[in-house]
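So the chains spell out like this:
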Amino acid sequence: MSVGITIDHALKKYGDNVIIPDLSLKIREGEFFTLLGPSGCGKTTLLRMIAGFNSIEGGDFYFGEKRINDLDPAKRNIGMVFQNYAIFPHYTVRKNVEFGLKNKKLPKDEIQQRTDRFLKLMQIDTLADRMPDRLSGGQQQRVALARALCIEPDVLLMDEPLSNLDAKLRVEMRTVIKNIQHDVGISCVYVTHDQEEAMAVSDRIAVMNGGIIQHVGTPKSIYQRPANLFVATFIGRTNVMKGKLAVENGRAYLCIDDYKAELDTVADKYKQPQDVTVSVRPEELLLNRDPNGDGMHAVVKDAVFLGLNTHYFVKLDSGEDAEIIQESSIEDTLTAGARITLTVNTEKVNVFTADGSRNILTGVKNDLEV
């Protein structure tokens, strides 16, 4: 079975050093939930509090209706997959996978049945008699995952499980992990600092910074309508610009230098003249080869042709640098020194308060606020 996880006002500190000041979170039963953030943001600390490996200085942790604060880690019925695999070098693949089942003192036939099932599920059944030193990194990670799932835990916890793999294996293994988690239907809490990895595997993501959750939502909602500027800059690439919001006859307009465009997505409570910070992703900047067109004027510094897309690096007349990604055209690639005009895809652009603390547009879905 799997359970939902509820965290109410968690506090973690070491002496006077507060790592997590006050964190509340609900993880749904059977969900693939990712804690994402930069190094030192508290995501692994929170995972270890759920596992029982770290003390809890305040707040309550629940698996379903059961409070687990004082429950021994061995009795929490969790599966754990670590960054360094943590498989036993002196055991064969089969014996590694059987380990947790033998600790539970299950009957021999049930141990064999479950072990066979997960060896096959992880596509390592042909490697059952091999020693770990004869396995690739990806194969070792499959063994670690099979061992964690074999005990049929209520919750699967994964701490940077792919960070030691090369790029190609990471892509392969994240697909394996996602598919297995859905097949088994287990609640999974996954820690990573890799934004693309989080986007690929997660049902929902919590973006953390400084021990505080900034935004909880689906990968799509976090990318397209980030709750604040930190989330916008951490998830994917973006151009950050200073601008102003103007309001004329009840209509809102985004003004960046001499460029002015109507915005029909501003939330009513923010529809007033103010300074704003604008996040424009590279694909949301629209390039016009006419240097005298309406929009922001800029000069090309560099261009990189990558087949499907071409990346342009430009300097705006205001002095700011910007990156543009556009679908490659049959026309010649613009060269350094070419003058251009830029406009913004107003449907996708994000606009924040001047300090970047809040997105002022409609459509922001932050489950922290539900």
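Everything here concerns the structure above.
The structure displayed is predicted, hence computed values, not measured ones. (Residues numbered from 1 in each chain as written. Predicted model: local features only at pLDDT ≥ 70, side-chain atom pairs only at ≥ 80, totals over all residues. Heavy atoms only, no water.)

Student: Explanation requested: the sheet that holds strand β1 (residues 5-14) in the structure shown.
Tutor: The strand order across the open sheet formed by 4 strands is β2-β1-β4-β5, and the pairing between neighbours is antiparallel. Sheet topology places β2 (17-27) and β5 (66-67) at the edges, where each strand pairs with a single neighbour. In the sheet, β1 pairs with β2 via 7 bridges, with the strands oriented antiparallel. Residue pairing for β2: K12 is matched across the bridge by I20. (Pairing = 2+ DSSP bridges. Helix = DSSP H or I, 4+ residues; strand = E, 2+ residues; numbered from the N terminus.)

Student: Is there a simple way to think about the sheet that holds strand β11 (residues 239-248) in this case?
Tutor: Sheet strands pair by backbone hydrogen bonding; their relative direction is either parallel or antiparallel. Ordered by their spatial adjacency, 5 strands build an open sheet running β13-β12-β11-β14-β20, and the pairing between neighbours is antiparallel. Unpaired on one side and paired on the other, β13 (259-263) and β20 (350-353) mark the two borders of the sheet. Sheet twist, expressed as the mean angle between neighbouring strand axes with direction ignored, is 40 degrees. By the bridge criterion, 5 bridges tie β11 to strand β12 (residues 251-256) in an arrangement that is antiparallel. Each bridged residue has a counterpart across the sheet, and for L245 the counterpart in β12 is L254. (Axes fitted to C-alpha atoms, helices over the stretch in contact; angles between N-to-C directions.)

Student: Would you explain the environment of L145 in this entry?
Tutor: Turning to its location among the elements, L145 is positioned in helix α4 (residues 137-150). Judged by relative accessible area, L145 falls into the buried class, the value being 2%. The spatial distance from the C-alpha of L145 to the C-alpha of M158 is 9.2 Å, given a sequence separation of 13 residues. Setting aside anything within four residues of it in sequence, one finds L145 in contact with V81, M122, L156, M158 and I177. (Buried < 20%, exposed > 50% of the residue type's maximum accessible area, 1.4 Å probe, protein only. Contact = heavy atoms within 4.5 Å.)

Student: How should I be thinking about the pairing of strand β6 (residues 78-81) in this particular structure?
Tutor: Across the two faces of β6 the burial is the same, with I78 and M80 and G79 and V81 all buried. Inspection of the sheet shows β6 paired to strand β7 (residues 155-159) by 4 bridges, in the parallel sense. Paired with I78 across the bridge in β7 is V155.

Student: Please clarify how a nonpolar patch on the surface should be interpreted in this entry.
Tutor: Among the surface-exposed residues, V304, L306 and F313 lie close enough to one another that they form a single nonpolar patch of about 240 Å² accessible area. Structurally, V304 can be placed in strand β16 (residues 296-306). (Patch = residues over 30% accessible without salt bridge, like charges linked within 9 Å, V, L, I, M, F, W, Y side chains within 5 Å. Areas by Shrake-Rupley, 256 points an atom, 1.4 Å probe, with all protein chains shown as cover. Salt bridge = Lys/Arg side-chain N within 4 Å of Asp/Glu carboxyl O.)

Student: Please explain the environment of H90 as it appears in this structure.
Tutor: By the secondary structure assignment, H90 is in the loop between β6 and α2 (93-103). The spacing of H90 and L334 is 244 residues in sequence and 59 Å in space, taken between C-alpha atoms.

Student: What is the right way to look at the nonpolar core in this model?
Tutor: The tendency in soluble globular proteins is for nonpolar side chains to be buried as a group. Of all hydrophobic cores here, the largest spans 36 residues; its most connected members are I124, L145, L156, M158, I177 and Y190. Residue assignment for this core shows that the elements contributing at least two residues are α2, α3 (108-121), α4, β7, α5 (167-184) and β8 (187-192). Here this core gets 7 residues from one element, more than from any other, and that element is α4. One finds L263, L316, I324 and I360 within the second-largest nonpolar core, a separate group that totals 33 residues. (Core = buried A, V, L, I, M, F, W, Y, C linked by side-chain atoms within 4.5 Å.)

Purely spatial values, then, with no claim about function.
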